[in-house]
Amino acid sequence: MVQKCLLVLTACILGVFGISSNENPLGFKIATFEECQAEGNVPELAMKELFYFKSAEGIKHHKCVMKCINEKYGIYQNNGTFNFENAVEAIKELFHDPVVQNTLINAGKECVKTVKENSDACDYAYDLVDCFIKETNKEGVAPHGEMPL
């Protein structure tokens, strides 16, 4: 059960951080965010706050945008399973500092413990990413202003 929760959380957070499925991970991340924003009719400011890892509050009424992002990265799959190998790959590609990697993992573990599992995939994805953003910001791990959108 804990492993499943950790996989759900990993899918949520890596949707925010991104996973490179081509040679331009930033370009892929921007394209993915723009595509999911359009599909969900999500306000631009809400997506920018999510993209820059400042807040998930703006997507509160557009929770399925996280599910969309995770699906595009191949972390959340159509059959409801999660690809843990893709999650690990994304962490390694995007965060080379082992301290940052450990901080992300610890924040994820904390959210898995505190966020109640929900049968609605969109609600659960939102709750986990909201928790994760808050936890990582407490620890000072957030790519504020590092990437254009």
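Scope of this entry: the structure provided in the associated data block. This one's a predicted model, so the numbers in the text were calculated from it and none came from an experiment. (Residues numbered from 1 in each chain as written. Predicted model: local features only at pLDDT ≥ 70, side-chain atom pairs only at ≥ 80, totals over all residues. Heavy atoms only, no water.)

This brings us to the state of the cysteines. The full count for this structure, using the stated rule, is three disulfides. Across the disulfide from C36 sits C68; the S-S distance is 2.1 Å. Taking the sign of the torsion about the S-S bond as the criterion, the disulfide between C36 and C68, at about -80 degrees, is left-handed. In this pair, C36 sits in helix α2 (residues 25–40) while C68 sits in helix α4 (residues 64–72), placing the two residues 32 residues apart along the sequence. The burial state of C36 is the same as that of C68; both residues are buried. Sulfur-sulfur distance for the disulfide between C111 and C131 comes to 2.1 Å. Negative torsions about the S-S bond denote left-handed disulfides, and the value of about -95 degrees found for C111 with C131 makes this one left-handed. Here C111 is found in helix α6 (residues 98–114), whereas its partner C131 is found in helix α7 (residues 121–138), with 20 residues between them in sequence. When the bonded cysteines of the protein are numbered from the N-terminus onward, they pair as 1-3, 2-5, 4-6. (Disulfide = S-S within 2.5 Å. Helix = DSSP H or I, 4+ residues; strand = E, 2+ residues; numbered from the N terminus. Buried < 20%, exposed > 50% of the residue type's maximum accessible area, 1.4 Å probe, protein only.)

Under the criterion given, the structure shown has two aromatic pairs. Aromatic side chains F33 and F51 sit 5.1 Å apart centroid to centroid with 90 degrees between the ring planes, which places their arrangement in the edge-to-face category. Linking F33 in helix α2 with F51 in helix α3 (residues 44–51), this pair joins segments that are 18 residues apart in sequence. Overall, the relative accessible area of 0% leaves F51 in the buried class. A ring pair is formed by F51 and Y52, whose centres lie 5.3 Å apart and whose planes are at 80 degrees; its orientation type is edge-to-face. By the ring-pair criterion, three or more aromatic residues cluster together here, those being F33, F51 and Y52. (Phe/Tyr/Trp six-rings, centres within 6.5 Å; stacked < 30°, edge-to-face > 60°.)

For the rest of this paragraph, the subject is the nonpolar core. A general tendency of soluble globular proteins is for nonpolar side chains to be buried together. Core analysis: the largest hydrophobic core is formed by 34 residues, its most contacted members being L50, I59 and I69. At the level of elements, α2, α3, α4, α6 and α7 are the ones that each hand at least two residues to this core. If you tally residues by element for this core, the top one is α7, at eight residues. If we ignore the near neighbours within four places in the chain, the residues touching I59 are V42, A46, M47, L50, V65, M66 and Y126. (Core = buried A, V, L, I, M, F, W, Y, C linked by side-chain atoms within 4.5 Å. Contact = heavy atoms within 4.5 Å.)

Let's shift gears to unusual backbone geometry. One non-glycine residue, N41, adopts positive backbone phi at about 50 degrees. Relative to the helices and strands, N41 is located in the loop between α2 and α3. Its relative accessible area of 64% is what places N41 among the exposed residues.

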